[in-house]
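These are the residues of each chain, in order.
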Amino acid sequence: MQNLISNLVDKKFAYVTKNGVYFSVSKFTNYGKLSKKHTDDLVSGARVNIDEEKDNPIDFALWKFSESEPSWDSPWGKGRPGWHIECSAMSLKYLGESFEIHGGGRDLIFPHHENEIAQSESFTSKQFAKIWMHVGMITISGEKMSKSVGNVKSVNHVLEDWGPNIIRLFCLSGSYSKPIDYSEKLLRENITKLRQIESCYYELRLAEGSGTDSTADKLLNECKNEFDSALNNDFNTPLALAVYYKLIKEVNSLAAEEKITENSAKIILQEFERMSDILGIQIMKVTDEEKNEFIKNLSSKLYEWTNDRWIISLSKENGKPSKKEKDMILKKELLIELKNSSSLFLITPTMSVLIIIFPILIENRFAVDEDLFIISRLLFLIIFFTFFYFIKWKFDS
């Protein structure tokens, strides 16, 4: 950082005062090109105390003199680096004089990123970053997420509650540059979409039959071009996600009409997996061994869903199920499995909250003593686990 500052001083882009070393904004003619601000209209920001020693009120600190810790010795005096210089120093060291993409929150466009450009390009005489991508803030009920407000949702907390796929679908549904309002209702809606995504994968992975389908080939080419075009247009993830859902909907529809052959499915599956990888959607894959084993097991027995329970019966086709019967089985197994995971997922946290709250309500309502309070909690625990395993048994059976 000190070498960078020394270079700027030598080039007359910076000057020394009794309070520190400052960058001279007027010396950098392109100042304001990122934020579209003009130096004539700018005044000292809220982050900066007006310093009469500065040549211009909007000049910013590269090094501030200070005897208090933390502070370091420098050619100009003991102190510490300004707010912006460290970012330029790290970028120059690890990414080079020019690099492709610089990101950050929209609240950093001015003055931080504007100042970062000014000091970096004055040092190198080269373009600092080719592309700037500024993300919108996460809000809750329209308010910016903030520790001071107390409405913070940590990444770990959200991942534990919803899992990575649901979070990705939720975040990708909005433009990266716009604010996104955290909503558990919207997160919950993505559970259904995730089921459709997984169903699409299994339809493609377990498709049978020979031949090609011109409808499937046309759909593939159309979706591939639209998907790539959306992402190349300022990373338009809402549009890319819409194309992804379009492919999934069409595949599931064609599968229901038995219009997807194994050959077509292999081609579509490659593109489906490419899109999924780009979007970060992770699906539990079916290996060739698992597929063959599953089909082998179906060759002699047929599972059917009757009266809310799986039963085993022989097929009418010489002990072998038809393709239509296999498809029905696979779809129902997938849906039942998803129903199990999502239902238990929603029940468990709800009951956990009741374990804590219910005995407390009893104590407050009836003013019971400590022994009865402990007994009430133990009874409720017994009820909870009995209910939980009953529900699990119902799903498993």
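So, here is what we can say about the structure in this document. (Residues numbered from 1 in each chain as written. Predicted model: local features only at pLDDT ≥ 70, side-chain atom pairs only at ≥ 80, totals over all residues. Heavy atoms only, no water.)

## Overview of the pairing of strand E3 (residues 60-65)
Sheet topology places strand E2 (residues 20-23) next to E3; four bridges connect them, and they run antiparallel. Bridge assignment links glycine 20 to a residue of E3, and that residue is lysine 64. Here E3 runs beside strand E4 (residues 79-81); their pairing, made up of three bridges, is antiparallel. Paired with phenylalanine 65 across the strands is glycine 79, a residue of E4. (Pairing = 2+ DSSP bridges. Helix = DSSP H or I, 4+ residues; strand = E, 2+ residues; numbered from the N terminus.)

## Re the pattern of salt bridges
Any two side chains of opposite charge can pair, so long as their charged atoms come close to each other. Tallying each qualifying case throughout the model produces eleven salt bridges. In this structure, glutamate 121 and lysine 33 form a salt bridge, with 2.9 Å as the shortest nitrogen-oxygen distance. Taken together, the residues glutamate 121 in helix H3 (residues 109-124) and lysine 33 in the loop between E2 and E3 connect sequence positions 88 residues apart. Overall, the relative accessible area of 36% leaves lysine 33 in the partly exposed class. Across the pair aspartate 228 and lysine 224 runs a salt bridge whose closest N-O atoms are separated by 3.6 Å. Of the two residues, aspartate 228 and lysine 224 are both situated in helix H7 (residues 214-232); the distance of four residues between them amounts to about one turn of the helix. (Salt bridge = Lys/Arg side-chain N within 4 Å of Asp/Glu carboxyl O. Buried < 20%, exposed > 50% of the residue type's maximum accessible area, 1.4 Å probe, protein only.)

## Examining the side chain of threonine 124
One can find threonine 124 in helix H3. Within polar-contact distance, the side chain of threonine 124 engages the backbone nitrogen of lysine 126 at 3.1 Å. Excluding anything up to four places from it in sequence, threonine 124 contacts Leu92 and Glu97. (Polar contact = N/O pair within 3.5 Å; in protein donor to acceptor, adjacent residues only side chain to side chain. Contact = heavy atoms within 4.5 Å.)

## Details of the environment of histidine 84
Relative to the elements of secondary structure, histidine 84 occurs in the loop between E4 and helix H2 (85-94). Residue histidine 84 is classed as buried on the basis of its relative accessible area of 6%. Measuring from C-alpha to C-alpha, the distance between histidine 84 and histidine 112 comes to 6.1 Å, with 28 residues separating the pair along the chain. Setting aside chain neighbours within four positions, we find histidine 84 in contact with Phe60, Pro111, His112, Asn115 and Gln119.

## A few points about unusual backbone geometry
A cis amide bond links glutamate 69 with the next residue in sequence, proline 70, at an omega value of 0 degrees. Here proline 70 is to be found in the loop between E3 and E4. Each neighbour pair has its own omega, and for phenylalanine 110 with proline 111 the value is 5 degrees, a cis peptide bond. On the secondary structure map, proline 111 appears in helix H3. One non-glycine residue with positive phi stands out, namely serine 141, at about 55 degrees. Within the secondary structure, serine 141 is located in the loop between strand E7 (138-140) and strand E8 (143-144). A relative accessible area of 67% means that serine 141 is categorised as exposed. Its identity as a non-glycine residue notwithstanding, aspartate 234 has a phi of 55 degrees, on the positive side. Mapped onto the elements, aspartate 234 comes out in the loop between H7 and helix H8 (237-256).

## Side note on the pairing of strand E6 (residues 129-135)
Inspection of the sheet shows strand E5 (residues 99-105) paired to E6 by six bridges, in the parallel sense. Each residue of the ladder has a partner; that of phenylalanine 99, found in E6, is alanine 129. With H3 bridging E5 and the parallel E6, this β-α-β connection has right-handed handedness. (Right-handed = clockwise from strand over helix to strand, strands pointing away.)

## So, the side chain of lysine 54
Locating lysine 54 in the fold gives a position in the loop between E2 and E3. Given a relative accessible area of 8%, lysine 54 falls into the buried group. Polar side-chain contacts of lysine 54 include one of 2.9 Å to the backbone oxygen of aspartate 59.

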